[in-house]
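Structure assessment
So you can see what is in the structure, the chains are spelled out below.
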Amino acid sequence: MSPLRPALSAFYLRRPRPKEVRKLCCPNCGEAIEVSQKAFSARCPRCTHPLSIKDFDLEQAIDGELSTMGQVRLGPECRMTGNIHCAQFTNQGQFRGKAVVYGPIEIEGHSLTKGELIGHSLLVRPGARMLAKVSVGPKASQARDCPPVQAKLTNVPLHPPPLKPTLRLRESPVAG
Ligand SMILES: [Zn+2]
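Summarised in this report is the structure supplied together with it. Just so we're clear, the structure is a prediction, and the values are computed from it rather than from any experiment. (Residues numbered from 1 in each chain as written. Predicted model: local features only at pLDDT ≥ 70, side-chain atom pairs only at ≥ 80, totals over all residues.)

1. Some words on the overall build of the protein
On a plain count of helices and strands, the protein comes out with one helix and 15 strands. Long-range contacts, defined as pairs at least 24 residues apart, comprise 20% of the intrachain contacts of the protein with a sequence gap of at least 6. (Helix = DSSP H or I, 4+ residues; strand = E, 2+ residues; numbered from the N terminus. Contact = placed C-beta atoms within 7 Å.)

Structure below.
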């Protein structure tokens, strides 16, 4: 066996570059899908369900609804009240509402989570405050609510606070 010449060994040692893919799970049929990390949209090869992929990195206060097949990260300064549909959810801030995640959920330390979490897996780091109903499993988020179609964020209160009555029409009877 003759040793490889330096130039040749360099050639043989070069490995193919890993493809940058994003692993998703079809919200409609559950099919595991791999799409390019650069793709903004895709279709499920099995059921042709359209997937809109956009990552959201939020630092502000939000009262509304967020839907995407990308990743959602609530930063330490983010306070969100509302509903989230996404493929991956990380909470580093404060979240109150319902998150349906077609993938992993990560709850970071010093974060606050109240409401309902549904996802494929859940990681809660020490120091996180959580008061939530949780459903976790590979099919937990399947066939829940309306699957996300458009990557969009609406910053509109879903449940506006009720108007305070200015005039009390009838006094409630006092017990006893
Ligand atoms: Zn599908």
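Picking up where we left off.
2. Side note on unusual backbone geometry
The phi torsion at Thr48 lies on the positive side, around 60°, for a residue other than glycine. Classification of Thr48 as exposed rests on a count of 10 C-beta atoms within 10 Å. At His110, a position not held by glycine, the phi torsion is positive, near 70°. With respect to the helices and strands, His110 occurs in the loop between β11 (104–107) and β12 (112–119). (Buried ≥ 20, exposed ≤ 12 C-beta atoms within 10 Å, placed from the backbone.)

3. Observations regarding the sheet that holds strand β14 (residues 129–136)
Read from one edge of the open sheet, six strands run β14-β12-β10-β8-β6-β15, paired in mixed fashion. Looking at the sheet topology across the chains shown, the edges are occupied by β14 and β15 (152–154). Shown here is a sheet whose adjacent strand axes are inclined to one another by a mean of 10°, direction ignored. In the sheet, strand β6 (residues 61–67) pairs with strand β8 (residues 79–86) via seven bridges, with the strands oriented parallel. In the strand pairing of β8, Glu65 is matched with Asn83. (Pairing = 2+ DSSP bridges. Axes fitted to C-alpha atoms, helices over the stretch in contact; angles between N-to-C directions.)

4. A short note on the sheet that holds β11
Overall, parallel pairing links the five strands, which are arranged β5-β7-β9-β11-β13 in an open sheet. In the strand order of this sheet, the two ends are held by β5 (56–58) and β13 (121–124), each with one partner. Within the sheet, the average angular offset between the axes of one strand and its neighbour, ignoring direction, is 5°. Note: strand β7 (residues 71–74) against strand β9 (residues 88–91), four bridges, orientation parallel.

5. Thoughts on the nonpolar core
Counting 29 residues, the largest nonpolar core has Cys86, Phe89, Ala99, Val101 and Ile105 as the members making the most contacts within it. Among the elements of the structure, β1 (21–25), β5, β6, β7, β8, β10 (94–101), β11 and β12 are those that each provide at least two residues to this core. Top contributing element to this core by residue count: β10, with four residues. (Core = buried A, V, L, I, M, F, W, Y, C linked by C-beta atoms within 7 Å.)

6. So, the pairing of β1
As defined by bridge partners, β1 adjoins strand β2 (residues 32–36) across five bridges and the pair is classed as antiparallel. Residue Cys25 lies in a different strand from β2, and its bridge partner there is Ala32. In textbook terms, the turn of a hairpin is the stretch between consecutive antiparallel strands, and for β1 and β2 this stretch comprises six residues, one of which, Gly30, has a positive phi near 85°.

7. Some points on the pairing of β11
Side chains Ile105 and Ile107 of β11 all project onto a buried face; the interleaved residues Pro104 and Glu106 project onto a face where none is buried. With three bridges joining them, β9 and β11 adopt parallel strand pairing. Looking at β11, one finds that Phe89 is bridged to Ile105. Bridge analysis of β11 against β13 gives four bridges, and the strand direction is parallel. When the sheet's bridge partners are listed, Ile107 is paired in β13 with Val124.

8. Concerning the environment of Lys38
If you trace the backbone, Lys38 turns up in the loop between β2 and β3 (41–43). For the pair Lys38 and Arg22, spaced 16 residues apart in sequence, the C-alpha separation works out to 8.8 Å.

9. What to know about the environment of Glu108
Position of Glu108 among the secondary structure elements: in the loop between β11 and β12. Take Glu108: there are 20 C-beta atoms within 10 Å of it, and that puts it in the buried class. For the pair Glu108 and Pro126, spaced 18 residues apart in the sequence, the C-alpha separation amounts to 7.6 Å. Beyond its immediate chain neighbours, meaning those up to four positions away, Glu108 contacts Thr90, Asn91, Gln92, Arg125 and Ala128.

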